Amino acid sequence: MFRSSETSIKREIRAFPSLRRISLECMTQETEIGLGKSGRMCYSLDDVAIVPSRRTRDPEDVSTSWQVDAYEFDIPVIGAPMDSVMSPKTVIELGKLGGLGVLDLEGLWTRYDDPEPLLKEIAEAPAEESTTRMQQLYTAPIRADLITQRLHEIREAGVTVAGALTPQRTQEFYSTVIDAGVDLFVIRGTSVSAEHVSRTHEPLNLKKFIYELDVPVIVGGAATYQAALHLMRTGAAGVLVGIGGGAVSTMRTTIGMHAPMATAIADVAAARRDYMDESGGRYVHVIADGGMGNSGNFVKSFALGADAVMLGVPLARAVEAPGHGEHWGAEARHAELPRGCRYHVGTVGDMNQILFGPSNRTDGTMNYIGALRRAMAYTGYIDVKEFQRCGVVVTPYEQL
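What you see is a predicted model; the values in this text were computed from it and never measured.

Reading the values: the criteria
- Residues numbered from 1 in each chain as written.
- Predicted model: local features only at pLDDT ≥ 70, side-chain atom pairs only at ≥ 80, totals over all residues.
- Heavy atoms only, no water.
- Helix = DSSP H or I, 4+ residues; strand = E, 2+ residues; numbered from the N terminus.
- Buried < 20%, exposed > 50% of the residue type's maximum accessible area, 1.4 Å probe, protein only.
- Contact = heavy atoms within 4.5 Å.
- Areas by Shrake-Rupley, 256 points an atom, 1.4 Å probe, with all protein chains shown as cover.
- Pairing = 2+ DSSP bridges.
- Patch = residues over 30% accessible without salt bridge, like charges linked within 9 Å, V, L, I, M, F, W, Y side chains within 5 Å.
- Salt bridge = Lys/Arg side-chain N within 4 Å of Asp/Glu carboxyl O.
- Axes fitted to C-alpha atoms, helices over the stretch in contact; angles between N-to-C directions.
- Parallel < 35°, antiparallel > 145°, perpendicular 65-115°, else oblique.
- Left-handed = near helix turned anticlockwise from the far one by under 90°.
- Expected span 1.5 Å × (residues − 1).
- Bend = angle between axes of the 7 residues up to and from the residue.
- Right-handed = clockwise from strand over helix to strand, strands pointing away.

## Remarks on the overall build of the protein
Part 1 of the argument: Regarding its fold elements, the protein presents 16 helices and 17 strands.
Part 2 of the argument: When burial is assessed residue by residue, the protein has 50% of its 400 residues classed as buried.
Part 3 of the argument: In the protein, of all internal contacts separated by at least 6 residues, the share reaching a separation of at least 24 is 67%.
Part 4 of the argument: When the accessible surface of the protein is totalled, it reaches about 19,000 Å², and 49% of it is carbon and sulfur.

Encoded structure:
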């Protein structure tokens, strides 16, 4: 009875787009927190599972390729722009393995001529001193000449060039980045909106900014349907789903914010669908960003609607990772309110093993692409876009 009613609602939504906002309210489950407040029931990636279908195929027969704008990739993997994950060297390596590496253009690589000793210092600092030391090291000014130098180094290696800035720094350095010759521009923050309001400065006009650029822009994070829809309307080529830095984020503890990723991905995928109708067919890529500590969560992100996934923790575990087995993000270095920490992830293998295997572990920390191929094979789908239609069930982790 419920399924029949739900199907009827969906048909009416397609016929009458104005009902979309009403439908979101009708089809979500809310829990009463108290007499004056209710909250929506949301799910993490650990709370859902993929359901095999009646058709299967060989893992070798599925395609994991991904394309954004004119740029094609063998695997739907983006290296997170974090100093513990992506250096010019690892950006290049990931590019040669078929993915897309993104360099943090506000990190140590654009503040110091040789950041290697400083990266090691952060990794080896006592836990109680790591945040203070990061705050100190990241006060050095960002240098335009180093932005250019690092991006040229990546360009000379023959891989796709991508760099990331926060919205606060984009206006200051975007011309340097564009002049250096990026192929893809990433604007990545904790929670990026298309309607930022400020009484002290002129905020970045995303729609105008993206319209005037000659390169595709990926922007985020966003964790709700409405936030993602507004970002899509700015002309972004892709939207990052998530807030904070995943495992290294302490946002729930410091400022009370949290976005369960399974619900967030599904909501943003719904925004993509509705924006396609609204725009006459323009497709915006959904990129899951955070919570990918094991290959199971990586795979489930695609089943929930992601086109690609931004990896932090998994690649921080690589032998080549600049974090030396430690992991941290931009939130950890904030001068006034750090909302992240240095997090020990250890080392499990080289980048090739982590992405393609072979694996000698059963904890989902190696052979991410092999896991995706096998899940697609078990469910009978031939490519990632088809796999987004995969059936899932809600299975709270504590019940497993």
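## Overview of the pairing of strand E9 (residues 162-165)
Part 1 of the argument: Neither face of E9 is open: one carries Ala162 and Ala164, the other Gly163 and Leu165, and all of them are buried.
Part 2 of the argument: In terms of strand pairing, strand E8 (residues 103-104) meets E9 through two bridges, oriented parallel. Pairing of Asp104 across the sheet is with Ala164, part of E9.
Part 3 of the argument: Direction of pairing for E9 relative to strand E10 (residues 184-188): parallel, over a ladder of four bridges. Paired with Gly163 across the two strands is Phe185, which belongs to E10.

## Digging into a nonpolar patch on the surface
Part 1 of the argument: Together, Ile255, Met257 and Leu337 line one region of the surface with nonpolar side chains, adding up to about 230 Å² of accessible area.
Part 2 of the argument: Within the fold, Met257 resides in the loop between helix H10 (251-254) and helix H11 (261-279).
Part 3 of the argument: Overall, the relative accessible area of 34% leaves Met257 in the partly exposed class.

## Overview of the packing of helix H12 (residues 295-303) against helix H15 (residues 368-379)
Describing two packed helices takes the angle between their axes plus the distance from one axis to the other.
Part 1 of the argument: Put simply, H12 and H15 touch, their axes get as near as 9 Å, and they point 50° apart. Comparing their axes, H15 and H12 come out oblique. Both H12 and H15 take part in a crossing whose hand is right-handed. Where H12 abuts H15, its residues Ser295, Phe298, Val299 and Phe302 lie against Tyr368, Ile369, Ala371, Leu372 and Ala375.

## Examining unusual backbone geometry
Part 1 of the argument: Of note, the bond from Gly220 into Gly221 is cis; its omega dihedral lies within 30 degrees of zero at 15°.
Part 2 of the argument: Turning to its location among the elements, Gly221 is positioned in strand E11 (residues 217-222).
Part 3 of the argument: In this structure, Pro358 follows Gly357 across a cis peptide bond, with omega equal to 0°.
Part 4 of the argument: Tracing the backbone shows Pro358 in the loop between helix H14 (351-356) and H15.
Part 5 of the argument: At Asp69, a position not held by glycine, the phi torsion is positive, near 55°.
Part 6 of the argument: Along the chain, the position of Asp69 falls in the loop between strand E4 (66-68) and strand E5 (71-73).
Part 7 of the argument: Here the phi dihedral of His324 falls at roughly 55°; this positive angle occurs in a residue that is not glycine.
Part 8 of the argument: Along the chain, His324 falls in the loop between helix H13 (313-316) and strand E15 (326-327).

## Quick look at helix H7 (residues 167-180)
Part 1 of the argument: End to end, H7 covers 19 Å across 14 residues, agreeing with the expected 20 Å (1.5 Å per residue, within 8%).
Part 2 of the argument: In H7, a bend of some 65° at Phe173 exceeds every other bend along the element.
Part 3 of the argument: For H7, the full list of buried residues reads Thr170, Phe173, Thr176, Val177 and Ala180.
Part 4 of the argument: Packed against the buried residues of H7 are helix H6 (144-156), E9, E10 and helix H8 (206-212).

## What about the pairing of strand E12 (residues 238-241)?
Two faces, one strand: in a regular strand the side chains alternate between the faces of the sheet.
Part 1 of the argument: Burial along E12 is two-sided: the residues Gly238 and Leu240 and Val239 and Val241 are all buried.
Part 2 of the argument: The pairing of E11 with E12 spans three bridges and is classified as parallel. Across the sheet, the residue bridging to Val219 is Val239, located in E12.
Part 3 of the argument: Running through helix H9 (residues 225-232), the crossover from E11 to the neighbouring parallel element E12 is right-handed.
Part 4 of the argument: Bridge analysis of E12 against strand E13 (residues 285-289) gives four bridges, and the strand direction is parallel. Considered in E13, the bridge of Val241 is made with Ala288.

So yeah, pure geometry; function would need other evidence.
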